[in-house]
Each structure stands twice: as C-alpha cells, then as structure tokens.
Amino acid sequence: MANALEQIKVNSWSRAVPMAALFELTFVCNHACTFCYNCPTGQKEMTTAEAFDALRKMAEFNILYLTLTGGEPLVRRDFFEIAAEARRLGFALRIYTNGFLIDEPMAAKIKQIANPLEIEISLHGARPETHEKLTCVPGSLQKVINAVRNLRAQGIKVNLKVPVTRDNQEEVLDMHRLAIDLGATIVFDPVITPRDDGDKDPVNLMATDDFLRRYWTDPAYAGARREPVPVPRHDAPGEAVCGTGRTAFALDPYGNIFPCVQWRRSAGNIKTVASLRDIWHTSPVLIEVRRTAVEMADKLRDTQQAGKAGGFCNFCLGVADLQLGDPKAIYPQIQKNAEFRQQAYEEWKAKTGETLEDTGGVLSKCAM
Ligand code: SF4
Ligand code: SF4
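Now for a look at the structure at hand. Every value quoted in this text rests on a predicted model; they were computed, and no experiment measured them.

1. What about the pairing of strand E1 (residues 20-24)?
- Of all five residues in E1, five are buried, a share of seventy percent or more.
- Residues Ala20, Leu22 and Glu24 of E1 are buried on one face, and the alternating residues Ala21 and Phe23, pointing to the opposite face, are buried as well.
- Where E1 meets strand E2 (residues 65-69), five bridges bridge the pair, whose relative direction is parallel. Following the sheet pairing, Ala20 is matched in E2 by Tyr65.
- As defined by bridge partners, E1 adjoins strand E7 (residues 248-251) across four bridges and the pair is classed as parallel.

2. Comments concerning the nonpolar core
- One finds Ala21, Leu66 and Val241 to be the most contacted residues of the largest nonpolar core, which totals 93 residues.
- For this core, the element with the highest residue contribution is helix H10 (residues 284-305), accounting for six residues.

3. Topic: the environment of Arg195
- On the secondary structure map, Arg195 appears in the loop between strand E6 (185-189) and helix H8 (209-217).
- For the pair Arg195 and Val319, spaced 124 residues apart in sequence, the C-alpha separation works out to 9.4 Å.
- Apart from the residues within four sequence positions on either side, Arg195 is in contact with Tyr37, Cys39 and Pro202.

4. Some points on the sheet that holds strand E8 (residues 257-258)
- Sheet architecture is open: eight strands sit in the order E6-E5-E4-E3-E2-E1-E7-E8, paired in mixed fashion. Of all the strands in the sheet, just E6 and E8 have a single pairing partner and so form its edges.
- Relative to the sheet, helix H6 (residues 140-153) contacts strand E4 (118-122) and strand E5 (158-163), its axis offset from that of E4 by approximately 170°.

5. Considerations on the site of ligand 2
- The environment of ligand 2 is formed by Cys242, Gly243, Thr244, Cys260, Val261, Gln262, Trp263, Cys316, Leu317, Gly318, Cys366 and Met368.
- For the shell around ligand 2, the per-class residue count stands at eight nonpolar, four polar and no charged.

6. Notes on the pairing of E2
- A crossover links E1 with its parallel partner E2, the connecting element being helix H2 (residues 48-60), and its sense is right-handed.
- Bridge count between E2 and strand E3 (residues 92-97): four bridges; the pairing is parallel. By the bridge assignment for E3, Leu68 is matched with Ile95.
- Of the crossover connections in this fold, the one passing from E2 over helix H3 (residues 79-88) to the parallel E3 is right-handed.

7. Some thoughts on the site of ligand 1
- Taken together, Cys29, His31, Ala32, Cys33, Cys36, Asn38, Gly70, Gly71, Glu72, Asn98 and Ser122 are the residues near ligand 1.
- Looking at side-chain class alone, the shell around ligand 1 contains four nonpolar, six polar and one charged residues.

8. With respect to unusual backbone geometry
- In the segment running from Gly70 into Gly71, the intervening peptide bond is cis, with an omega of 20°.
- For Asn115, which is not glycine, the phi torsion reads 40° and is therefore positive.
- For Asn115, a count of 14 C-beta atoms within 10 Å puts it in the partly exposed group.

9. Things to note about H2
- The end-to-end C-alpha separation of H2 is 18 Å, in line with the 18 Å expected for 13 residues at 1.5 Å each.
- Of all the residues in H2, the buried ones are Ala51, Ala54, Leu55, Lys57 and Met58. Looking straight down H2, one finds that the buried residues subtend no more than 165° of arc, so they occupy a single side. Across from the buried face of H2, at angles greater than 90 degrees, the exposed residues are Ala49 and Glu60.
- Taken together, the buried residues of H2 touch E1, E2, H3, E7 and helix H9 (276-280).
- Positive phi appears at Asn62, one or two residues downstream of H2, with a value of about 65°.

10. A word on the packing of helix H5 (residues 128-135) against H6
- Here H5 crosses H6 at 105°, and the two axes come no closer than 8 Å. Overall, the two elements H5 and H6 adopt an arrangement that is roughly perpendicular. On H6, the residues that touch Pro128, His131, Glu132 and Thr135 of H5 are Ser140, Leu141 and Gln142.
- Grouping the amino acids of the contact of H5 with H6 by side-chain chemistry returns two nonpolar, four polar and one charged.

Thresholds, definitions, all that
- Positions within a chain are numbered from 1, following the residues in the order the chain's sequence is written.
- Each chain takes a letter, starting from A, and each ligand takes a number, starting from 1, following the order in which they are written.
- The model is predicted, so local features are restricted to residues of pLDDT at least 70 and side-chain atom pairs to those at 80 or more, both for listing and for counting; the totals for chains, interfaces and linings are taken over all residues.
- We call a residue exposed when 12 or fewer other C-beta atoms sit within 10 Å of its C-beta, buried when the count reaches 20 or more, and partly exposed for counts in between; the C-beta positions come from the backbone.
- Only DSSP runs of H or I with at least four residues qualify as helices, and only runs of E with at least two residues qualify as strands; both kinds are numbered from the N terminus onward.
- Strand pairing is assigned whenever DSSP detects at least two bridges linking the two strands.
- For the purposes of this analysis, a nonpolar core is taken to be any set of buried Ala, Val, Leu, Ile, Met, Phe, Trp, Tyr and Cys residues that are connected through C-beta atoms within 7 Å.
- Contact between residues is assigned whenever the C-beta positions, reconstructed from backbone atoms, fall within 7 Å.
- Note on definitions: angles span 0 to 180 degrees between N-to-C directions of axes, and those axes are lines fitted to C-alpha atoms, for helices only across the stretch in contact.
- Nearness here has a simple definition: the residue's C-beta atom, placed using the backbone, must lie within 6 Å of the molecule or strand.
- Residues are grouped as follows: nonpolar covers Ala, Val, Leu, Ile, Met, Phe, Trp, Tyr, Cys and Pro; charged covers Asp, Glu, Lys and Arg; every other residue, Gly included, is treated as polar.
- Looking down the strands as they point away from you, a crossover is right-handed if its path from the first strand over the helix to the second goes clockwise.
- A helix's residues, less one, multiplied by 1.5 Å, set its expected span.
- The reported arc concerns the directions from the helix axis to the C-beta atoms and nothing else.
- An angle below 35 degrees is read as roughly parallel, one above 145 as roughly antiparallel, one from 65 to 115 as roughly perpendicular, and any other as oblique.

See the structure below:
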C-alpha cells in the first residue's frame, strides 16, 4: 500500500505532471575532472534576475523538489541569494557539489539558508592519489571528507556518488567503509556515460569485466550495491521505461529546458516561455521522448521474454541517443552490466529456489 507521498508520485507519473526539476546554475567549476560531462558553449549564463524568474516559473508550475547543481553551484557568487529565493518560494532543495568549498562556516550557512533535504558529493576514490587523479586538484579528497564531516555536524544528510571506473574499482569497498565512518550514504554507478557533447572518451574508463562480474555476483559487494540481489525490472504494458519528460525536467545555465538531465534535447528556453504550462503538454520534443520511453519499455520486456538480459537493464534513453544516435539502442556498458546482473540473479535463484521481482513499480525507475 503506497503512502501519501508515494501516491502523489505515482499520480505525477501517470499524468505526466512533474514534481521535480534540476537547475544547473553554472558550468564554471573549481575542479578540472578528466571526464567532466559538462560542455559549456560560451553563451552567457543566467543572471541573478533571470535565475529568480526561472524559479518563479517553476514555482508557478507547482514544482516541489529542486536540485541546485553545476558545474560547481557554490562558485556562483549569488548562490545563497538563489537558494534563499528558492526556499522563499517553497521548494525542497537538494544540492549537488564537489564539496571543495564546504568548510565549517559554509556548512552552517548552507544549513541556515538552504536547509537542504540532502547534499550529494562526488567521490572518485578512497585514496588521495585516486580521487585527485580524476579531479586534478591536490587535496580534494581531504576536502570532500571535511565537507561531509562539516555537513553532518549541521545535521545535513549527505550522499556520496561514485562513478566506478577501472581506476577506482579496487577501492569500492574502502569507499563504502569511508562513507559509513562519515555517516553518509553512498551510491556506486558502474555505468560510465559519454560527455554531454557525445565525446565517448569517458567510456574507455569503464570498470573491467572481471570487476563488474565481482561487483554484481560477489557477496562481499552486497553492502555496496543498492540491491543485495539484482532484481529484474518490471514495466507494465504502456508504462514508460523512465520518467524523462514526465516527472521532472532539467535546466542548463543558459535556460534550456531538457526532458531530464541526461537527454539534452531542448524543449524551449525558460527565459522566453511565459509559463512552463505553455510547453509541457505541447512541446514536440517532450511528446516524443515520452512516447519513446513507453516504446523502450516494450522492447526491454520483449528481450526479457526472450530470455535475454533486457530485464536487467537500468536503461537510459539519453545515453543511448548520445552514444549510438538511437535512444532505443542497447549500449555496451548497459548490456555488460545487465548480463552480470542477470547472472547474479540466476545464481541466487538456483541457490535459494526463490524468485524475486521488482515490486516498486514506477517509484523504482529513474525520474531524472
Ligand atoms: S566537479 Fe563536476 S562539474 Fe566540476 S569538473 Fe568535476 S565533473 Fe565537472
Ligand atoms: S533513465 Fe536517462 S533518459 Fe530516463 S529519466 Fe533517467 S537520465 Fe533521463
């Protein structure tokens, strides 16, 4: 039985009425990560007044959850003005940051002004040399650790996010222990994606097959995985594979409105649309991505019925489109992970004689 909030989320999904938005405040950053996904174009980023106007339009569109991100959002000199305005308008905030600037006074200011539901910080290794090989900033791992401590001291929930690569794969268990020691949660993502401009270089850093097999099948990694046993996905007929263009949307620093953070097909610009309502149900881009998301769920169901690993794909239409030029093409990273996920599930099934299925419905799908 869904609780009230879950029921609201299910309704948001079925009626394609978004509850959440992600706002990239800037592409400027104080790190120089070797596989940064951002691709600034040199256009002028939104001014404070334009950012306030975007917040107003999102509030009028009844957006409840707002994620402030970048680049590095805290390098914007008006970050706290924007955060204060967002709170005044009633948004529940999340902040994605690299944590570099979060000393004790900054953590206290974040608590006082933004009072976020959660802060997400990127982590790239348990050892300084591993983390800093990626960020190219000496001392950046210690800064992350300090940031988590300072935020936790303010009672702010912190989630660490780790893209798993062949450089940090052998530190996954240490990173998991580090997160527990710091009082943070941690999420590992073993699917590396291309840059937002389609550059596939980051994909070459994908974890090795040997590691992926261990990650999905070895009980030693059960605590680090979000799911102790990978569960086959369940897409009811007519249901979308994910919430792109449906439950949330993303804004870049120039004001472009995207169906989600990964599928960057502009549906308009928030600076020029009078109201988000004007485009949400009429934009050809949004109509098409919603339809494609439903078609893809059908395709994955067919592959699952054929005994293939499709049912174990945490598929992203945006990555498929970026990498292969076809949002419904199964890309190698997701195929590889799906095969090992299926293997882990089959081994568990043979051992226990039990079966599992995803009963989370739309609530367990990517909504951003
Ligand atoms: S911290 Fe994020 S935005 Fe900054 S360079 Fe690294 S990946 Fe890019
Ligand atoms: S799975 Fe990919 S395309 Fe779908 S909502 Fe998530 S990020 Fe967007």
